[in-house]
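Listed below are the residues making up each chain.
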Amino acid sequence: MEKEKKKILNTKSLFNNSKFMLLVSFILACFFWVVFASSSGEESTLTITDVPVTIELSEQAKKDGLKVYRGGDTKVTVQIRGNRMTIGSLSKDDIQVVAQNTGSINFANTYALSLSAKKTGVKSDYEIISVSPSVINVIVDKERSQTFTIEKNINTSGVTLPVSDNNSDSGYYLAKPVISSDTAVVTGPEQEVKKIAKLQVYDRISGEYHENITKSLEVQPIDSDGEFIDNDLISISPQKVDTTIRILPKKEVPVTLQFLNVPSGIDTDRIASVKPSSVTLAGTSNILGIVSEIKLDPVDFNTLDPSKTQITSNISIPTGCINISNEEQAKISFKFSDYSSKVITVSKFNLIEVPAGYKANVSTSSINVSVAGPEDVISGITSSDIEANVDLSSLADGFEGSQELPVNIDLSSLSRCWCFNEYTVTVSVSKE
C-alpha cells in the first residue's frame, strides 16, 4: 500500500513539474503539426451554392430601354478544387459568375446565355471546375406603364336585403359597387403588358346583409379572351381596392313642373303633363326625409311653339341620392290641339329707361313676331294688340352710338296668348 501511495505521489509531482509539462506540450504540438501539414497539402473539392449571376447589358441596349425581366436574379452552384486549407476558407463572395454574349442582346426576346466563373478574392491557388447550370434563359424587354380603368365584375344576385316594415324587401336598395380607385397602373415588360385587355375586381357575394358590404378586392389583369393573367413580371398599383356596396332605403317621389311667363287664363295642369310622373330614389333616411318631390327646370312660355307638343327636361337628383329608376330625362307633353300661331308685323316700339340728356330712336323698321294662343283669339289679333318694349337700362353710362337690344313683347291684354322666340332691334343713342 505504501508503495502504491508513493507511485501516486510521484505521478502528481510529475504533472506539477513545469518543465515536464512544457516538454509534453512541445511533443504534442509537433505531433499535431505533422498531422495537419500532411493533410493540408491534399487536394479537395468544394461546392459553393447561391452564387449570383452578373448580367451586364451593352450601353446601346440600355439606351434602348431594355431590361432583364427574368433570369437576372438567378443563383448558381460553383464547384472548385484546390488545397483543402485554401478552399475551406472560400465563400460565394470570392467568386463572380458572369453571363456571356450579352452584346447580342439588342431587342426584346428570350436569350440563352452561357455562364463563366472567375476568381475575385485574394486567394487564387485553386481551380474552378464547373458552374451549374452553365446556361440560363433570360427575358429581355422594354418597360411599359399603362393606365387601365378597373371594371367591377361583382355578382350580388345572391344578396338578400333587410325586410322592411311592410314585410317585404321593396323598401331597400342594393347600390352599385363603389371602389376606392377607378384606375390602376400596370408596369412590366412591354410584350406582357400588351397582353392585358382590361383590369377588373371580381367577387360573388351572397347571404343576408343588414349593413353596407365592404371588401378589399385584388385587381386582376384579364386578357382579350377573358382569362386571368398570372404573371409575376408585371406589377399593378394599387394591387387591391376597397369596395363598398351600400344598402339604402328607397322612396318614390313625384316629378313636378314649373313654368315662367304663364299667360293669364292658362291652367298649366290641364295643358301640360310629364313622364315619368315619379322616380324612385335611394339614399340615407335623413336625406330621403327632406325630399318630397323632384322639380324640373322651369319651362318658359316665351319659348313654346304650339306646333311642337313635346319637349324634354333633365331630371336633377338631390345630392346624396341615387336615381333607381334610371330616368335621366323627363318628357313634357302639351295639349295644344286648340292652339295655333300667327306671325304679326310690329313697327311700333316703346323705348324705356332712356338716359337723361340723351335721345334714342329705333333704327329697325319692323320685326315679325310669332304669337300663339287659342285659334278663335289668334285670328283677330293685330299689331295694335302687341306692345313691343325696348329697355335701355343695360347700356353703359354715357353710351352714344348704335346698339342691338332685346325686345320684350307684352301680350297682357290678351287672355291665353303668348309670344315665342326672341327678338332684337337696333337702337341709336345720342346726346340731345
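All of these numbers come straight from a predicted model, not from anything done at the bench. (Residues numbered from 1 in each chain as written. Predicted model: local features only at pLDDT ≥ 70, side-chain atom pairs only at ≥ 80, totals over all residues. Heavy atoms only, no water.)

Caption draft 1: Summary view of the overall build of the protein chain. Across its full length, the protein chain carries eight helices and 32 strands. Since a compact globule built from 432 residues should have a radius of gyration of about 22 Å, the 47 Å found for the protein chain marks it as more spread out than a globular shape. Split into buried and exposed, the 432 residues of the protein chain put 32% on the buried side. Looking at the protein chain alone, contacts between residues at least 24 apart form 73% of all its contacts between residues at least 6 apart. Surface accessibility of the protein chain: about 26,200 Å² in total, with carbon and sulfur atoms responsible for 47%. Across the protein chain, the 41 positively charged side chains and the 53 negatively charged ones have centroids separated by 16 Å. (Helix = DSSP H or I, 4+ residues; strand = E, 2+ residues; numbered from the N terminus. Rg over C-alpha atoms; globule rule 2.2 N^0.38 Å. Buried < 20%, exposed > 50% of the residue type's maximum accessible area, 1.4 Å probe, protein only. Contact = heavy atoms within 4.5 Å. Areas by Shrake-Rupley, 256 points an atom, 1.4 Å probe, with all protein chains shown as cover. Lys, Arg positive; Asp, Glu negative; His and termini not counted. Charge placed at Lys NZ, Arg CZ, Asp CG, Glu CD.)

Caption draft 2: Layout of the pattern of salt bridges. Applying the stated criterion across every chain, the model contains ten salt bridges. Among the salt bridges present, the one from glutamate 56 reaches lysine 62, with a minimum N-O distance of 2.6 Å. When its relative accessible area of 39% is taken as the criterion, lysine 62 is described as partly exposed. Among the salt bridges present, the one from lysine 67 reaches glutamate 143, with a minimum N-O distance of 2.9 Å. (Salt bridge = Lys/Arg side-chain N within 4 Å of Asp/Glu carboxyl O.)

Caption draft 3: Broad picture of the packing of aromatic side chains. Overall, the coordinates contain seven aromatic pairs when judged by the stated rule. Ring centres of phenylalanine 259 and phenylalanine 301 lie 5.7 Å apart, and the angle between their planes is 45°; this geometry places the pair in the tilted category. With phenylalanine 259 in strand E17 (residues 259–260) and phenylalanine 301 in the loop between strand E21 (299–300) and strand E22 (310–314), this residue pair connects regions lying 42 residues apart in the sequence. In this structure an aromatic cluster arises from ring pairing among Phe259, Phe301, Phe334, Phe336, Tyr339 and Trp418. (Phe/Tyr/Trp six-rings, centres within 6.5 Å; stacked < 30°, edge-to-face > 60°.)

Caption draft 4: Up close: the sheet that holds strand E12 (residues 213–218). The strand order across the open sheet formed by three strands is E9-E15-E12, and the pairing between neighbours is antiparallel. Edge strands, defined here as strands with exactly one partner in the open sheet, are strand E9 (178–179) and E12. As defined by bridge partners, E12 adjoins strand E15 (residues 240–245) across six bridges and the pair is classed as antiparallel. For leucine 217, the partnering residue across the bridge sits in E15 and is valine 241. (Pairing = 2+ DSSP bridges.)

Caption draft 5: Representation of unusual backbone geometry within the structure. Note the cis peptide between serine 237 and proline 238, where omega equals 0°. Position of proline 238 relative to the elements: it lies in the loop between strand E14 (235–237) and E15. Omega for the bond connecting lysine 275 with proline 276 falls within 30 degrees of zero, at 5°, which places this linkage in the cis form. As for its placement among the helices and strands, proline 276 is situated in the loop between strand E18 (272–275) and strand E19 (278–282). Residue asparagine 326 is not a glycine yet carries a positive backbone phi of 60°. A positive phi is found at arginine 416, a non-glycine position, where the angle reads about 60°. What makes arginine 416 partly exposed here is its relative accessible area of 32%.

Caption draft 6: Structural view of the sheet that holds strand E29 (residues 387–391). In spatial order, the strands read E26-E29-E30-E32-E27; together these five strands make up an open sheet with mixed pairing. The sheet is open, and its two borders are formed by strand E26 (350–352) and strand E27 (358–362), each paired with just one other strand. Neighbour-to-neighbour, the strand axes of the sheet open up by a mean angle of 35°, direction not taken into account. Strand direction decides the pairing type here: E27 and strand E32 (residues 424–431), joined by five bridges, are antiparallel. Across the sheet, the residue bridging to tyrosine 358 is lysine 431, located in E32. (Axes fitted to C-alpha atoms, helices over the stretch in contact; angles between N-to-C directions.)

Caption draft 7: Representation of the state of the cysteines. One pass over the full model with this rule turns up zero disulfides. Cysteine 419 supplies the cysteine sulfur nearest to cysteine 417, a cysteine that is in no disulfide, at a spacing of 11 Å. Look at cysteine 417 and you get buried, because its relative accessible area is 3%. (Disulfide = S-S within 2.5 Å.)

Caption draft 8: Main features of the pairing of E19. Two elements, strand E16 (residues 247–256) and E19, share five bridges in a ladder whose sense is antiparallel. The residue of E19 that forms the bridge with lysine 250 is alanine 282. Pairing analysis gives two bridges linking E19 to strand E23 (residues 322–323), with the strands arranged antiparallel. Each bridged residue has a counterpart across the sheet, and for leucine 281 the counterpart in E23 is asparagine 323.

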